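As a plain string of letters, each chain reads:
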Amino acid sequence: MERRRQFYGRRHGHKLRAGRQAHLQNLLPDIAIELTESARATLVPAELFSGSIRAVWLEIGFGGGEHLAWQAAANPDIGIIGCEPFVNGVAALCQKIDEDRLNNVRLYTDDARVLLEALPDASIERLFVLFPDPWPKKKHHKRRIINPATVGQFARILVDGGMLRVATDDLSYAQWILMHLGRTPALEWTARRAVDWAGRADDWPGTRYEAKALAAGRHPVYLTYKRGRREHPEIS
Ligand SMILES: C[S@@+](CC[C@H](N)C(=O)[O-])C[C@H]1O[C@@H](n2cnc3c(N)ncnc32)[C@H](O)[C@@H]1O
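What counts and what doesn't
Each chain has its residues counted from 1, following the order in which its sequence is written. Reporting in this predicted model follows two pLDDT cut-offs: at least 70 for local features of residues, and 80 or more for side-chain atom pairs to be given and counted; totals over whole chains, interfaces and linings ignore these cut-offs and use all residues. Elements are defined by DSSP. Helices are runs of H or I of four residues or more, strands are runs of E of two residues or more, and each kind is numbered from the N terminus. For the radius of gyration, the atoms used are the C-alpha atoms, and the globule rule reads 2.2 Å times the number of residues raised to 0.38. To sort residues by exposure, count the other C-beta atoms lying within 10 Å of each residue's C-beta; 20 or more gives buried, 12 or fewer gives exposed, and values between give partly exposed, all with C-beta atoms placed from the backbone. Our contact criterion uses C-beta atoms placed from the backbone: two residues qualify when those atoms are within 7 Å. Two strands make a pair as long as DSSP finds a minimum of two bridges between them. Fitted lines through C-alpha atoms give the axes, limited to the stretch in contact for helices. The angle between two N-to-C directions lies from 0 to 180 degrees. Each nonpolar core reported here comprises buried Ala, Val, Leu, Ile, Met, Phe, Trp, Tyr and Cys residues connected via C-beta atoms within 7 Å. Any residue whose backbone-placed C-beta atom lies within 6 Å of a molecule or strand is treated as near that molecule or strand. Each residue gets one label: Ala, Val, Leu, Ile, Met, Phe, Trp, Tyr, Cys and Pro are nonpolar, Asp, Glu, Lys and Arg are charged, and the others, such as Gly, are polar. Helix span, expected: 1.5 Å multiplied by one less than the number of residues in the helix.

Undergrad: Help me understand the overall build of the protein, please; the structure alone is not making it clear to me.
TA: Along the protein, the regular secondary structure elements total nine helices and seven strands. For 236 residues, the compact-globule estimate of 2.2 N^0.38 gives 18 Å, and the protein sits close to it at 17 Å. Reported as C-alpha extents along the three principal axes, the dimensions of the protein are approximately 50 × 45 × 40 Å. Residues counted as buried form 32% of the 236 residues belonging to the protein. Partitioning the contacts of the protein with sequence separation of at least 6, the portion at a separation of at least 24 is 79%.

So, in structure tokens, the structure goes:
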């Protein structure tokens, strides 16, 4: 029997308004990624999209989907997979997808760790993990979505030269991320000066969680990593 791993986030929030519920019910069946056992073994991300796309990007934990919807609208030649188990966030993004007529988004509405395992090597050009739940207490660190196992998966699924963007407003999580990604030779932190991590690039829009952090006086860090080339002797 399949072992179901413990998921620590929330799957449901307040009751959905009728409009949001309708967007969810009408759109989600057409764009949802189902990962049955056989689908996991044969997943080809580019084949999830109907139109012609140049590459596939992935956002883990998209929350209300502000960043993902912006990227999808700005990059119609990219197929974007969003992963988020929180139904209210999924419904909010479905509404945006409907209203903005975005046809380059597919959603996996469960635990990112399952999707990461199913994705083939070198299949994702950009990966976004924006303001992941910080789980600040030491006894909860093992719940963090950025950990030795997932960092290995990030390196595996990214194409050579691919990009990983991570943001957090939690200092201890920032240190944790720098430490774990720093131990991954395949992923190189691209920052050269403080401005490179103290602010976002122009093609990196804000999110709802970020707005809350800024309003509370916290200063997020914005970390960009580049996936090295596989033929390099120290990189696999
Ligand atoms: C603090 S919120 C940030 C949301 C959004 N990225 C933003 O910046 O507004 C973290 C998000 O990660 C999602 N999340 C938590 N664990 C996850 C997992 N295992 N797989 C995918 N998403 C997860 C949560 O449901 C939540 O929406």
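Undergrad: What is the right way to read the sheet that holds strand β2 (residues 78-83) from this model?
TA: Neighbouring strands of a sheet are bound in pairs by backbone hydrogen bonds; such pairs are parallel or else antiparallel. On the basis of which strands lie adjacent, the open sheet formed by seven strands has the order β3-β2-β1-β4-β5-β7-β6 and mixed pairing. Of all strands in the sheet, those bounded by a partner on one side alone are β3 (105-108) and β6 (187-189). Averaged over neighbouring strand pairs, the angle between their axes works out to 20° when direction is ignored.

Undergrad: What is the right way to read the environment of A122 from this model?
TA: With respect to the helices and strands, the residue A122 is situated in the loop between α5 (112-118) and β4 (124-130). We classify A122 as partly exposed; it has 14 C-beta atoms within 10 Å. Sequence separation between A122 and L158 is 36 residues, and the spatial gap between their C-alpha atoms is 4.7 Å. Apart from the residues lying within four places of it in its own chain, the contact partners of A122 are V159 and D160.

Undergrad: Sorry if this is basic, but what is going on with the nonpolar core here?
TA: Generally speaking, nonpolar side chains in soluble globular proteins are found buried as a group. Counting residues in hydrophobic clusters, the biggest one holds 48 residues, and the most contacted among them are L58, L93, I124, L127 and F154. Sort the elements by how many residues they give to this core and helix α4 (residues 87-99) lands first, with six residues.

Undergrad: How do you make sense of the site of the ligand when you look at a structure like this?
TA: As a structural note, the neighbourhood of the ligand is formed by 23 residues, with G61, G63, A112, T207 and Y209 the closest of them. Only α5 and α9 (208-215) provide two or more residues apiece to the shell around the ligand. Looking at the shell around the ligand element by element, the count peaks at three residues for α9. Per-class residue counts for the shell around the ligand are 12 nonpolar, five polar and six charged.

Undergrad: I'm lost on helix α6 (residues 148-157) in this one. Help?
TA: Turn by turn, an α-helix covers 3.6 residues, leaving residues three or four places apart pointing in a common direction. For α6, every residue scored as buried is listed here: V151, F154, A155 and I157. In this structure, the buried side of α6 is in contact with α5, β4, β5 (158-168), α7 (171-182), β6 and β7 (221-227).

Undergrad: Got a minute to help me understand α4 in this structure?
TA: In a regular helix each residue adds 1.5 Å, so 13 residues correspond to 18 Å; α4 covers 18 Å between its end C-alpha atoms and thus fits that length. Just beyond α4, the residue with positive phi is R101, at close to 50°.

Undergrad: Would you mind showing me how to read the environment of R165 here?
TA: Looking at the secondary structure, you find R165 in strand β5. Separated by 100 residues in sequence, R165 and G65 place their C-alpha atoms 16 Å apart. Every residue in contact with R165, bar those within four places of it in the chain, is listed here: F128, W204 and T224.

What is shown is where atoms sit, not what they do.
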